[in-house]
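Residues per chain, in single letters:
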Amino acid sequence: MKKDLRPIDETCECPTCKKYTRSFINTVSTKEEVGCHLITTHNIYFLLNMMKTIHKNIKEGTIEKFANEFLQDFFHEEKKIPGWVIDALKAAK
């Protein structure tokens, strides 16, 4: 991370990812509060966008497809998906 000049998430449009590198955040997060603020800004942006997307997919009736694609993208392998997530999806059907 110390020499990583990429943003936290290259696809993210949050202010943190647009302006700061992983290297910078790694450096300041152990020394200054601003590092925590930058990470929190990214996390809140990510979660708000995910909730908007979930809401949209629920309204369009495509939530199951979205959930499957999201989990595949996030975990890359089905065996890495936590059991509680699988149980929650089964219970929601």
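Computed from a predicted model, the values in this text were never measured in an experiment.

### Observations concerning the environment of V85
In step 1: On the secondary structure map, V85 appears in helix α5 (residues 83-92).
In step 2: On the basis of relative accessible area, V85 is assigned to the buried category, the value being 12%.
In step 3: Separated by 17 residues in the primary sequence, V85 and N68 have C-alpha atoms spaced 11 Å apart.

### So, the packing of helix α2 (residues 22-29) against helix α3 (residues 33-60)
In step 1: Where α2 contacts α3, the axes come no closer than 7 Å and their chain directions differ by 135°. The angle between the axes of α2 and α3 places the two elements in the oblique class. Between α2 and α3 lies a crossing of left-handed hand. Facing F24, I25, V28 and S29 of α2, the residues of α3 in contact are V34, G35, L38 and I39.
In step 2: Among the residues forming the contact of α2 with α3, the class breakdown is six nonpolar, two polar and no charged.

### Examining the packing of α3 against helix α4 (residues 63-75)
In step 1: Look at α3 against α4: their axes get within 8 Å of each other, and the N-to-C directions meet at 145°. Facing F46, M50, T53, I54, N57 and I58 of α3, the residues of α4 in contact are I63, F66 and F70.
In step 2: Residue composition of the contact of α3 with α4, by class: seven nonpolar, two polar and no charged.

### What about the confidence of the model for the chain?
In step 1: Summing up the model confidence of the chain, the mean pLDDT is 93 and the portion of residues at 70 or higher is 99%.
In step 2: Across the chain, the element-wise mean pLDDT spans from 90 in α5 up to 97 in helix α1 (residues 15-19).

### What about the side chain of D4?
In step 1: Here D4 shows up in the segment before α1.
In step 2: Separated by 3.3 Å, the side chains of D4 and R22 make a polar contact.
In step 3: Excluding residues within four positions of it along the chain, D4 makes contact with T21, R22 and S23.

Rules behind the numbers
Residues numbered from 1 in each chain as written. Predicted model: local features only at pLDDT ≥ 70, side-chain atom pairs only at ≥ 80, totals over all residues. Heavy atoms only, no water. Helix = DSSP H or I, 4+ residues; strand = E, 2+ residues; numbered from the N terminus. Buried < 20%, exposed > 50% of the residue type's maximum accessible area, 1.4 Å probe, protein only. Axes fitted to C-alpha atoms, helices over the stretch in contact; angles between N-to-C directions. Parallel < 35°, antiparallel > 145°, perpendicular 65-115°, else oblique. Left-handed = near helix turned anticlockwise from the far one by under 90°. Contact = heavy atoms within 4.5 Å. Nonpolar A, V, L, I, M, F, W, Y, C, P; charged D, E, K, R; others polar. pLDDT = per-residue confidence, 0-100. Polar contact = N/O pair within 3.5 Å; in protein donor to acceptor, adjacent residues only side chain to side chain.

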